[in-house]
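Below are the chains, spelled out letter by letter.
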Amino acid sequence: MNGFLRFLTSARTSWIVLVVAFAGVAALFAFGSGGGSETAPGSGLPDSAESVQVQKILDTFPDADTTSALLVFASEDGKALPADTVAAIQQKAFGDLVKLTPDGFIPPAQVSEDGTVALLVVPLPPESDVAAQADRAAEIRTLAADGLSGVRTYLTGPEGFEVDIAAVFDGADFTLLLTTVIVVAVLLLITYRSPWLWLVPLAVIGTADASAGIVARRVAALAGVELDASVTGILSVLVFGAGTNYALLLIARYRDELRLAEDRREAMRRAVRGAGPAIIASGSTVALALATLLLGELSGNRALGLACAVGVIVAMAFALLVLPAALVLFGRWLFWPYVPRFGSPDAISRSPWGKLGRGVSKRPVVVALTGAVVLGALASGLFFVQTGLSQNDRFLQKPDAVKGQEVLAEAFSAGATSPATVMAPNDDAQAVVDAAGKIEGVDSARVVEETSDWTRIDVTLNASAETPEAFATIERMRADFDSIGSGRTLVGGLDAQALDVSAAQQHDQNLIIPLILVLVFIVLVILLRALLAPVLLLLAVVASFFSAVGAAWWLFQTPLFGFPAIDTNVLLFSFLFLVALGVDYSIFLVTRAQEESRTLGTTNGMIRALAATGAVITSAGILLAAVFAVLGVLPLITLTQIGVIVCIGVLIDTLLVRTVIVPAMAFIAGDRFWWPRRPPVTDAEAAAAATEPEAPLTRAERRKRETVS
């Protein structure tokens, strides 16, 4: 280990590390990412899902190679469309729009009962090229609006949603990256109060982010996994957040060691030796927690787990290998104007966090109970949380397709715009149609087309799409159709797909959340060689998660957000990030406390650890919270909700849990905090040693004593 650290930091070899790192990054960029990225998230359902099975059968039908655009014409004044306007809309079915259809035919327009809305369904051949699809959509919009006055025109349906979703994600990754870099740069500048020190960690972590994106895409391509825009957005935020946290911890330890070592390279070796285990434990915890998503049913969850686990490993490698080599290239002047001089007074002894620790140690029970009350008050929003967002509710700014869908839902039967697609064996088709008409929540059912084996039946519900009422009707249909004929009838469509996604997400949540807790507990046990401390740390982090969700729900109900519900996958992802990242700060604190307790005892060791890590962990927590809040610049409400919940949770972990609750629990437990292991120096032995005549102390020992005195 010593030999490796010397190679990493010595004047003769540290530059080799940087050259190798630069060459590796250049090679990654030269060979490209090796994988593509979808424009927007898909459903990600497994093949066993009933709605997926319906889609596969539907792909065998004669018109499977066609899609459709729904043109919605709505009266601007809310009155019935004039007869000449309706005639002009009908005429469009025979105009230039026909040239875009595969068969040269567009069905006649449908007019709502109140005459205020007309609907024209335009069959289209599929278009895989995003740019060509956008150009075609623009042409359709132009032809639809041509010659009409007093009418609002919307393009919706499958074609409209694909084009609009592609448009709202266009350039989103660049916006996210730029915003993240600005936020990190500003906070690093404030943290270090140096005009150039912040440039080194920002350059290293920025390079790590770019490398992680390429490596993650290559690994995903090898695994047959596609990374959509939401995954790559979260990946970038996570690499910047975690990587900057590791950099802050290492640089803080390096600054401390520069006061104790005359040679800056020796100081860096000590810093890596001291901070390295905590960074490795932290990164391993996050990576293992993310890897549990690979066991999920939803491909989107697996993609996120794979990409982000790779990203965290890359960030950890850059923080432990590249950053030390980069920092030692420069002298102490890099910290100007606050240069840590050799032999200068110990900044830890003057830390206000040490005073806070001593205050908590005097009344730990009161502090712990007060902290629990605060967490409970924040968590009160959990009693009112609603989950599940419809397709129309998932965008911060509603695109044209969503607006058109809402107009259709108001003008026609509630479920007319998204009928359930039922696939029945030909022999059972008529019995299925008859049974469907008797099911509560069904408005109508009709045979649309058939092949030699299957009959497609469109069932219109009387509930709006993706509502609890629509889901209940889908469940009733599936239960009733299972008892008809061969029992092979399947129910698909938009509502069925949303129901299947919700069920798969619940399955993943029930499986992955316990696994995350077990993995984090195992890592903590191995790291601390104790059982009680890991249990207390996990309880504190889980409590902060519930508090974050409750507080976020109250925030989501304000006019600032106005979200009707929390999306189904938000709770799982938020739990993953908060537990894995939130426990990082406790790891940073408790591993330092473990180190200090070897000479100071548990209580004084925790006070010293809080004094030593308080400033850096607070800075890291605020920075990580701000970075996750940047997810709000992306167009999906899901990502905004994850960003807000994680932001709140990280701040709770940083400013309350790690600052007072964890130390209070350690003070209450005393030496039992490390149970079943006995600490090298107990609190009683430390107190007895403090009253006995002492041999002359070293400079480092005097500083430690000053901190806890």
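In this text, all values refer to a predicted model and were calculated from it rather than measured experimentally. (Residues numbered from 1 in each chain as written. Predicted model: local features only at pLDDT ≥ 70, side-chain atom pairs only at ≥ 80, totals over all residues. Heavy atoms only, no water.)

Undergrad: Describe the side chain of Ser236, listing the residues and the values that go with them.
TA: Position of Ser236 relative to the elements: it lies in helix α9 (residues 229–258). Sequence-distant contacts of Ser236, that is, excluding residues within four places in its chain, are made with Leu177 and Asp209. (Helix = DSSP H or I, 4+ residues; strand = E, 2+ residues; numbered from the N terminus. Contact = heavy atoms within 4.5 Å.)

Undergrad: Outline the side chain of Ser51, listing residues and values.
TA: Within the element layout of this structure, Ser51 appears in helix α3 (residues 50–58). Side-chain polar atoms of Ser51 contact the side chain of Asp500, separated by 2.8 Å. In contact with Ser51, not counting residues within four places along its chain, are Leu45, Arg478, Val491, Gly492, Ala496, Gln497 and Asp500. (Polar contact = N/O pair within 3.5 Å; in protein donor to acceptor, adjacent residues only side chain to side chain.)

Undergrad: So, the state of the cysteines: which residues are in play, and what are the values?
TA: For the coordinates displayed, the defined rule picks out zero disulfides. With no disulfide of its own, Cys308 lies 18 Å from the sulfur of Cys647, the closest cysteine sulfur. Using a relative accessible area of 0% as the deciding quantity, one classes Cys308 as buried. (Disulfide = S-S within 2.5 Å. Buried < 20%, exposed > 50% of the residue type's maximum accessible area, 1.4 Å probe, protein only.)

Undergrad: Kindly report on helix α8 (residues 199–222), identifying the contributing residues and their values.
TA: Look at α8: 35 Å from first C-alpha to last across 24 residues, which is about the 34 Å you get at 1.5 Å a residue. Just beyond α8, the residue with positive phi is Gly224, at close to 75°. (Expected span 1.5 Å × (residues − 1).)

Undergrad: Help me get a handle on the packing of helix α10 (residues 264–291) against helix α17 (residues 494–528), residues and values and all.
TA: At a minimum axis separation of 9 Å, α10 and α17 run at an interaxial angle of 160°. Classified by the angle their axes make, α10 and α17 are roughly antiparallel. Remark: the crossing between α10 and α17 carries right-handed chirality. Residues Pro277, Ala281, Thr285, Leu288 and Ala289 of α10 pack against Ile516, Leu519, Val520, Val523 and Leu527 of α17. Taken together, the residues of the contact of α10 with α17 sort by class into nine nonpolar, one polar and no charged. (Axes fitted to C-alpha atoms, helices over the stretch in contact; angles between N-to-C directions. Parallel < 35°, antiparallel > 145°, perpendicular 65-115°, else oblique. Left-handed = near helix turned anticlockwise from the far one by under 90°. Nonpolar A, V, L, I, M, F, W, Y, C, P; charged D, E, K, R; others polar.)

Undergrad: Could you give an account of unusual backbone geometry, naming the residues involved and the relevant values?
TA: Of note, the bond from Trp336 into Pro337 is cis; its omega dihedral lies within 30 degrees of zero at 10°. In this fold, Pro337 is placed in the loop between α11 (299–327) and α12 (352–362). Across the junction of Trp675 and Pro676, the peptide omega takes the value 10°, indicating a cis bond. Of note, the phi angle at Arg193 is positive, near 50°, even though the residue is not glycine. Note that Arg193 resides in the loop between α7 (172–192) and α8. On the basis of relative accessible area, Arg193 is assigned to the exposed category, the value being 52%. Of note, the phi angle at Arg529 is positive, near 55°, even though the residue is not glycine.

Undergrad: Mind laying out the packing of aromatic side chains, listing which residues take part and the relevant values?
TA: Counting across every chain of the model gives 13 aromatic pairs. Taking the centre distance of 5.7 Å and the plane angle of 25° together, the rings of Trp196 and Trp336 count as stacked. Pair noted here: Trp196 is in the loop between α7 and α8 and Trp336 is in the loop between α11 and α12, with a separation of 140 residues, a long-range link. Between Phe556 and Phe561, the aromatic rings sit 5.8 Å apart at their centres with planes inclined by 80°, giving edge-to-face as the arrangement. Using a relative accessible area of 0% as the deciding quantity, one classes Phe556 as buried. Taken together through their ring pairs, the aromatic side chains of Trp196, Phe330, Trp333 and Trp336 make up a single cluster. It is Arg193 that lies over the ring of Tyr338; its NZ or CZ is 4.4 Å from the centre. (Phe/Tyr/Trp six-rings, centres within 6.5 Å; stacked < 30°, edge-to-face > 60°. Lys NZ or Arg CZ within 6 Å of the ring centre and 35° of its normal.)

Undergrad: An account of the sheet that holds strand β3 (residues 117–124) is needed here, citing residue identities and associated values.
TA: Ordered by their spatial adjacency, four strands build an open sheet running β2-β3-β1-β4, and the pairing between neighbours is antiparallel. On the outer flanks of this sheet lie β2 (110–111) and β4 (151–156), each paired with one strand and no other. Sheet analysis places strand β1 (residues 67–75) next to β4, joined by six bridges and oriented antiparallel. Paired with Leu71 across the bridge in β4 is Leu155. Contacts between helix α14 (residues 400–411) and the sheet are confined to β1, β3 and β4, with β4 contributing the most and set at about 110° to the helix. (Pairing = 2+ DSSP bridges.)

Undergrad: Talk me through the confidence of the model for the chain; I want residue IDs and the actual numbers.
TA: On average, residues of the chain score 85 in pLDDT, and 93% of them reach the 70 mark or higher. Highest mean pLDDT in the chain belongs to strand β8 (residues 490–492) (94); lowest belongs to helix α22 (residues 699–708) (49). In the model, residues 695–699 has pLDDT below 50 throughout and makes four contacts with residues more than four positions away in sequence or in other chains. Every residue in residues 705–709 scores below 50 in pLDDT, and together they form 16 contacts with partners more than four places removed in sequence or on other chains. (pLDDT = per-residue confidence, 0-100.)

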